[in-house]
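Listed here are the chains, written in short residue letters.
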Amino acid sequence: MKKRSATDVLPAEGGLGNEPLLTVDNLHVEFHTRAGIVRAVNGVSYSLSAGETLAVLGESGSGKSVTAQAIMGILDMPPAVIPKGEIRFHGTNLLTLSEEGRTQVRGERIAMIFQDALSALNPVFTVGWQISEMFRVHRGMSKRDGMKKAVELMDKVRIPAARQRVNDYPHQFSGGMRQRIMIAMSIALDPEVLIADEPTTALDVTVQAQIMELLAELQRESNMGLILITHDLGVVADVADKISVMYAGRIVENAPVHDIYKAPAHPYSKGLLDSIPRVDHKGQELYAIKGLPPNLLDMPTGCAFHPRCPYRQDNCVTDVPPLYEISGVRSSACHYWREVLDGSRG
Amino acid sequence: MSELNTAVQEPKAHPRRKQKEKKPNSLWSDAWYDLRRNKVFLVGTAIAILLILMAIMPGVFAPQNPLACNLVDARQGISSEHWFGIDNQGCDTFSRVIHGARISILVGLLTSVVTGLVGGVLGLIAGFYGRWVDVILSRLAEIFFAIPSILGALLLLSAVGRDAAGVWTVVLALAILAWPMVLRIMRAAVITAKSQDYVTAARALGASPFRISVRHILPNAVAPVIVVCTMNLGVFIAGEAALSFLGVGIQSPNISWGLMIADARNRFLMAPEPLIFPAIFLSITVLSFVMIGDAVRDALDPKLR
Amino acid sequence: MAAAADRILEVRDLVKHFPLTSGVVLKRQIGAIKAVDGVSFDLNRGETLGIVGESGCGKSTLAKLLMALERPTSGSVKVNGREIANARGGELKRMRRNIQMVMQDPYTSLNPRMTVGDIVGEPYDIHTEVAPKGDRRKKVQELLEVVGLNPDHINRYPHQFSGGQRQRIGIARGLALQPEVIVCDEPVSALDVSIQAQVINLLERLQREFSLAYIFIAHDLSVVRHISDRVGVMYLGKFVELGKDAEIYDRPAHPYTQALLSAVPVPDPEGREQRERIILQGDPPSPANPPSGCRFRTRCWKAQEICAEQEPLLQIRPGTAHASACHFAETHDVVHVN
């Protein structure tokens, strides 16, 4: 296949009428390790429109971060291999783009922030230098102009005394402030899509609230699409428009946020929601999903959730459930989604 | 990335060994399992075993007595009878090279063990007790560390004099200057292990300092020391050769590759064989131990687990 | 108030300052990190006291002090009426049988070179009087069964288990000496969401079976509420509020508690636009140099002059039924969780 560069094919911002901004379509990612092939992502599809917040919910090993890394094109290949699937940005498949094309998209039009801001920032450069690098590299700005922009951005993410602190090093900032610096770097070039991978997991709740508020505000201002990768059902309920729940490399449920909290349609989502401690259940045993998350090297047959599932029937052990469409905006990868949905309502 | 890592490790550790899960697989046996499948390790070990056999029973390998020399034959080239030719003294080079393995291997092993024990024990003490014990031991180690090793050994050995020079003096000369490295590595590993949660848990149970250091810290800190001692083997063998070459190490009539190279160097153009063959053996020996050390490091490196 | 006989743990004015020194050869103290700065509370048999607070508030140091892993700068910790904070040698070792801990990270809290049997059986090797040698293996297997692990796995190594299973191993080790108090320092925060509930249920079951008292330190407020009978809220080395779980959660009196509760995302999107949210500005100040008077005043919206001058004590204040440390304490229901 001929590799094309991004500028040839990607329309300017705004783009095509109804096509979502970003579409992940039947994505597969494998890791070829010494221990065997790890199928980290097995046919993930989701889409994101401008101004929308999609929460990708899952535990460690569910493939939620790997999907995001595939979108960013920052997977180490090898060991990672993408045997199937498309990632379309403004209708263009990023996976067939040349390396220059991807570089133009990465950081500039799709940006990402990570859980651990300390290790994502380079300890030997000042934060101002690192933020202004975005402008120097992508916009060809001079050092002085870049620094000026860096101060502006640090103000925008509300780092106090930005002008003085621009010459400080990452370790001189608190965890919350470092995450703000990461956010400043990621929004420097006005990306259309921002991927936040567990952005507040390492932070305290009061700081987490500050960061989530900042992200929401930035999103409103620039109409960014936001993919929020998290395991925290609380954070999701607070900010998401729609949710994709992932388990063992697959999406098991897609739903608008209000619907899923009211009545989940997959036993796994239902189990997660039921296991949240509730005031009226104090003193009682918590509902707990039994068993352990699957070993990606040795996945259960049929539905990967079947060994832990209270709704299991014989065919769950043999047949992989497709994503059944429940309504235009909802789908569930469970053969018995009707029962689950009824049980949730009841 | 972390997500992938946990996903891969999460279930029962070494998935390759899942089928035959009879014996519990400790981290040591996992490391051994990796080693046995490492080609570098196998090649290095094969060479090393051969060399060790040569060192233990040179008579089996050498066709002639290395000391039965005949000056008349001196500097003969390669022949079917003398595979590596004959040296300046009229001795069979092949036989001498075979017999030379003993001292090389002996010095290498002994020095490694001595430095490992001294550096390891002192490193454990310094790292575990900290405070003034650590200050004293670390400063002492730094003083020795500052001396360039071969030069230092050269000075030490020349001070001792040729009459006293032998295997043990060479071992001590090399070891005196090398133990600080082991101490540093052990100390760092002990300090890392000491701050681990399982040590805190053992303290909370009321475990004695002795129990903590022997049961919890030592097994978790000893791996880098094993690695460095294996790698040092090659270095010490080269060091012995260098000292013997300089005339302060092993003395005639003992046979050492360094000594053989020194004896042959003046007539190198006339008779290159007596110099080239011990040099090749020396290189191969050093290489084989470096290969083993490398493989051991790969197998024991916790970052790869 | 419960009778003194029921009181298993008594903490009074506990203080831990870590000296800050400068200079390499001649170390001189230039200050101190006031990690724990005057904490008092009681714990009764079979009770759970939850302790919440953000990183750096001193909750982990408090756990270490309770376990006598650190010696306090001043103050006292009494287990069954006997001072553990200054106990030494054999006496301390005996007292440790009564108070054990479960640690946060199941990956680092188990020695990777020891088998599960050795790890869970180590308490018996240390306290040889608890179980005769011949019984130990059986006892360890019983413990594994109690925490829901296969007793046949006694010869396996920690890396052969998942995070949740490892945490169970850690709990089994904590139970071995049949302690009366277990200090749980963030016991579920390193676990996957679907595993957390299992471990919490296990802890609750064990509490009932062995009438254990827990100090349950966590930052997940909903988990703390679920498991705790009383809750203490810590800020910069001090308790700012202490009361029954419902008092703290439904009628918080201290502004910090209110802010903390309102910042916790509620796992229910209904009415999220209307929800009251108190967003605190900035980060907590450094414990090396805490603000004068009330330590929360630099981030507090109620702060007035008196807050800088006079330190508010932890006491029951007018209009509230539980202790809080604020001059302007006033109950205010921030979150309404169903």
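Numbering of residues starts from 1 in every chain and runs along the sequence as written. All chains are assigned letters beginning at A, and all ligands numbers beginning at 1, according to the order in which they are written. Thresholds applied to this predicted model are a pLDDT of at least 70 for local features of residues and 80 or more for the giving and counting of side-chain atom pairs; totals over whole chains, interfaces and linings are not thresholded and use all residues.

**Some points on the overall build of chain A**
Part 1 of the reasoning: Helix and strand counts for chain A stand at 14 helices and 12 strands.
Part 2 of the reasoning: Its C-alpha atoms give chain A a radius of gyration of 21 Å, near enough to 20 Å, the size a compact globule of 346 residues would have.
Part 3 of the reasoning: Principal axes of the C-alpha set define a box for chain A whose edges measure 65 × 55 × 45 Å.
Part 4 of the reasoning: Three exposure classes are used, all based on how many other C-beta atoms lie within 10 Å of a residue's own C-beta (placed from the backbone): buried at 20 or more, exposed at 12 or fewer, and partly exposed between those limits. Here chain A, with 346 residues, has 49% of them falling under the buried criterion.
Part 5 of the reasoning: For chain A, the proportion of contacts with a sequence separation of at least 24, taken over those separated by at least 6, is 65%. Segments assigned H or I by DSSP are reported as helices when at least four residues long, segments assigned E as strands when at least two residues long, and all are numbered from the N terminus. Using C-alpha atoms as the atom set, the radius of gyration is obtained and then compared with a globule rule of 2.2 Å times the number of residues to the power 0.38. In this description, any two residues whose backbone-derived C-beta atoms lie within 7 Å of each other are considered to be in contact.

**Considering the overall build of chain B**
Part 1 of the reasoning: From N to C terminus, chain B includes 12 helices and 0 strands.
Part 2 of the reasoning: Going residue by residue from the N terminus, the α and β elements of chain B occur as α-α-α-α-α-α-α-α-α-α-α-α.
Part 3 of the reasoning: Residues counted as buried form 46% of the 305 residues belonging to chain B.
Part 4 of the reasoning: In chain B, the proportion of contacts linking residues at least 24 apart, taken out of those at least 6 apart, comes to 71%.

**Quick look at the UniProt feature "transmembrane region" (unreviewed entry) in chain B**
Residues and elements named next belong to chain B.
Part 1 of the reasoning: Listed under "transmembrane region" (unreviewed entry) in the UniProt record, and renumbered for this structure, are residues 40-61, 103-128, 140-160, 166-186, 221-250 and 275-296.
Part 2 of the reasoning: The distance from the first to the last C-alpha atom of residues 140-160 is 22 Å, and the span holds 86% helix and 0% strand.
Part 3 of the reasoning: Counting secondary structure, residues 166-186 comes out at 95% helix and 0% strand; the distance between its end C-alpha atoms is 29 Å. UniProt positions are given in the numbering used here, feature names are shortened, and annotations may be inferred rather than shown by experiment.

**Details of the domain arrangement of chain A**
All names here are of chain A.
Part 1 of the reasoning: Here the limits of each domain have been adopted from an automatic or database domain assignment. Partitioning chain A into domains gives domain 1 (6-240) and domain 2 (250-255 + 263-345).
Part 2 of the reasoning: Between domain 1 and domain 2, the residue contacts involve 13 residues of the former and 10 residues of the latter.
Part 3 of the reasoning: The leading source of residues in the side of domain 1 that touches domain 2 is strand β2 (residues 36-48), at 9 residues.
Part 4 of the reasoning: In terms of residue class, the side of domain 1 that touches domain 2 is built from 6 nonpolar, 5 polar and 2 charged. Gly counts as polar in this scheme, as do all residues outside two lists: the nonpolar Ala, Val, Leu, Ile, Met, Phe, Trp, Tyr, Cys and Pro, and the charged Asp, Glu, Lys and Arg.

**Focus on the UniProt feature "domain: ABC transmembrane type-1" (unreviewed entry) in chain B**
Part 1 of the reasoning: As annotated by UniProt and renumbered to match this structure, "domain: ABC transmembrane type-1" (unreviewed entry) occupies residues 101-293 of chain B.
Part 2 of the reasoning: Between the end C-alpha atoms of residues 101-293 of chain B the distance is 19 Å, and the span holds 82% helix and 0% strand.

**Quick word on the packing of helix α3 (residues 39-56) of chain B against helix α12 (residues 273-300) of chain B**
All names here are of chain B.
Part 1 of the reasoning: Their axes nearest at 8 Å, the elements α3 and α12 cross at an angle of 135°. On the basis of their axis angle, the class for α3 and α12 is oblique. Pair α3 / α12 crosses with left-handed handedness. Facing Val40, Phe41, Val43, Gly44, Thr45, Ile47, Ala48 and Leu51 of α3, the residues of α12 in contact are Ile284, Thr285, Ser288, Phe289, Met291, Ile292, Asp294 and Ala295. Angular values range over 0 to 180 degrees, each being the angle between N-to-C directions of two axes fitted as lines to C-alpha atoms, with helices fitted over their stretch in contact. Orientation labels follow simple angle bins: below 35 degrees gives roughly parallel, above 145 gives roughly antiparallel, 65 to 115 gives roughly perpendicular, and whatever is left gives oblique. Two helices crossing with the near one rotated counterclockwise from the far one by less than a right angle form a left-handed crossing, whereas a clockwise rotation gives a right-handed crossing.

**Observations regarding the UniProt feature "domain: ABC transporter" (unreviewed entry) in chain A**
Part 1 of the reasoning: Mapped onto the present numbering, the UniProt feature "domain: ABC transporter" (unreviewed entry) falls on residues 22-273 of chain A.
Part 2 of the reasoning: Between the C-alpha atoms that bound residues 22-273 of chain A there is a distance of 28 Å. The span itself is 40% helix and 28% strand.

**Observations regarding the environment of leucine 172 of chain B**
Residues and elements named next belong to chain B.
Part 1 of the reasoning: Its location among the elements puts leucine 172 in helix α8 (residues 167-194).
Part 2 of the reasoning: Residue class for leucine 172 comes out partly exposed when judged on the 17 C-beta atoms lying within 10 Å of it.
Part 3 of the reasoning: Placed 107 residues apart in sequence, leucine 172 and asparagine 65 show a C-alpha to C-alpha distance of 30 Å.

**Let's talk about unusual backbone geometry**
Residue and element names in this part refer to chain C.
Part 1 of the reasoning: Positive phi, normally seen in glycine, also occurs at glutamate 186, with a value near 50°.
Part 2 of the reasoning: Examined against the element boundaries, glutamate 186 turns out to sit in the loop between β7 (181-185) and α6 (193-210).
Part 3 of the reasoning: Residues other than glycine seldom take positive phi values, yet leucine 236 does so here, at roughly 45°.
Part 4 of the reasoning: A residue is classified by how many C-beta atoms lie within 10 Å of it, and leucine 236, with 24 of them, is buried.

**With respect to the environment of aspartate 298 of chain B**
Part 1 of the reasoning: Mapped onto the fold, aspartate 298 of chain B is located in helix α12.
Part 2 of the reasoning: As for aspartate 298 of chain B and valine 167 of chain B, which are separated by 131 residues in sequence, their C-alpha atoms are 32 Å apart.

**Considerations on the sheet that holds strand β6 (residues 99-102) of chain C**
All names here are of chain C.
Part 1 of the reasoning: Strand pairing is assigned whenever DSSP detects at least two bridges linking the two strands. Taken together, the 8 strands give an open sheet; going across it, the order is β6-β7-β8-β3-β9-β10-β12-β11, and neighbouring strands pair in mixed fashion. The outermost strands of the open sheet, each flanked by one partner alone, are β6 and β11 (315-316).
Part 2 of the reasoning: Relative to strand β9 (residues 230-235), strand β3 (residues 48-52) runs parallel, the two being bridged by 4 bridges. Its bridge partner lying in β9, isoleucine 51 is registered against glycine 232.

**Side note on the packing of α8 of chain B against helix α10 (residues 209-245) of chain B**
Residue and element names in this part refer to chain B.
Part 1 of the reasoning: At their nearest, the axes of α8 and α10 sit 9 Å apart, and the two run at 160° to each other. Judged by the inter-axis angle, α8 sits roughly antiparallel to α10. The interaxial crossing formed by α8 with α10 has right-handed handedness. Here α8 contributes Val170, Leu174, Ala178, Met181, Val182, Ile185, Met186, Ala189, Val190, Ala193 and Lys194 to the contact with α10, which in turn contributes Ile217, Asn220, Ala221, Pro224, Val225, Val228, Cys229, Asn232, Phe236, Gly239, Glu240 and Leu243.
Part 2 of the reasoning: Looking at the contact of α8 with α10, its residues break down into 18 nonpolar, 3 polar and 2 charged.

**Quick notes on the interface of chain A and chain C**
The extent of an interface is frequently quoted as the accessible surface area lost upon association of the parts.
Part 1 of the reasoning: The interface of chain A with chain C comprises 38 residues on the first partner and 33 residues on the second.
Part 2 of the reasoning: Going through the elements one at a time, α9 (205-222), α10 (233-239), α11 (257-262) and α12 (267-274) of chain A are the ones with two or more residues in the side of chain A that touches chain C.
Part 3 of the reasoning: Top contributing element to the side of chain A that touches chain C by residue count: α9 of chain A, with 7 residues.
Part 4 of the reasoning: The residue inventory of the side of chain A that touches chain C, partitioned by class, reads 18 nonpolar, 11 polar and 9 charged.

**Some remarks on the sheet that holds strand β1 (residues 7-22) of chain C**
Picture the strands of a sheet paired through backbone hydrogen bonds; they go either parallel or antiparallel.
Residues and elements named next belong to chain C.
Part 1 of the reasoning: Strand order in this open sheet of 4 strands is β2-β1-β4-β5, and the pairing throughout is antiparallel. Edge strands, defined here as strands with exactly one partner in the open sheet, are β2 (28-44) and β5 (82-83).
Part 2 of the reasoning: Pairing of β1 with strand β4 (residues 74-79) involves 5 bridges; the strand directions are antiparallel. Note that in β4 the partner of leucine 9 across the bridge is valine 79.
Part 3 of the reasoning: Here helix α1 (residues 59-66) sits on the sheet in contact with β1, β2 and β4, set at roughly 70° to β2.

**Considering the pairing of strand β7 (residues 193-197) of chain A**
All names here are of chain A.
Part 1 of the reasoning: With 5 of 5 residues buried, β7 lies mostly within the body of the structure.
Part 2 of the reasoning: Burial along β7 is two-sided: Val193, Ile195 and Asp197 and Leu194 and Ala196, pointing in opposite directions, are all buried.
Part 3 of the reasoning: Pairing between strand β6 (residues 110-113) and β7: 4 bridges, direction parallel. Paired with alanine 111 across the two strands is leucine 194, which belongs to β7.
Part 4 of the reasoning: Pairing of β7 with strand β8 (residues 225-230) involves 5 bridges; the strand directions are parallel. Its bridge partner being in β8, isoleucine 195 is matched across the sheet by isoleucine 227.
Part 5 of the reasoning: One crossover worth recording links β7 to the parallel β8 by way of α9, and it is right-handed. A right-handed crossover is one whose linking path, passing over the helix from the first strand to the second, runs clockwise when the strands point away from the viewer.

**With respect to the environment of alanine 162 of chain A**
All names here are of chain A.
Part 1 of the reasoning: With respect to the helices and strands, the residue alanine 162 is situated in helix α7 (residues 162-165).
Part 2 of the reasoning: Alanine 162 gets classed as partly exposed once you count the C-beta atoms within 10 Å, which come to 19.
Part 3 of the reasoning: Spatially, the C-alpha atoms of alanine 162 and glycine 128 are 9.3 Å apart, while their sequence positions differ by 34 residues.
Part 4 of the reasoning: Residue contacts for alanine 162: discarding those within four places in its chain leaves Val151, Met154 and Asp155.

**Notes on the pairing of strand β4 (residues 80-89) of chain A**
Within a regular strand, side chains alternate between the sheet's two faces.
All names here are of chain A.
Part 1 of the reasoning: Direction of pairing for strand β1 (residues 22-33) relative to β4: antiparallel, over a ladder of 7 bridges. If you follow valine 24 over to β4, its bridge partner there is isoleucine 87.
Part 2 of the reasoning: Here β4 pairs with strand β5 (residues 92-93) via 2 bridges, running antiparallel. By the bridge assignment, phenylalanine 89 is partnered in β5 with threonine 92.
Part 3 of the reasoning: Counted between consecutive antiparallel strands, the loop separating β4 from β5 contains 2 residues, among which histidine 90 sits at a positive phi close to 50°.

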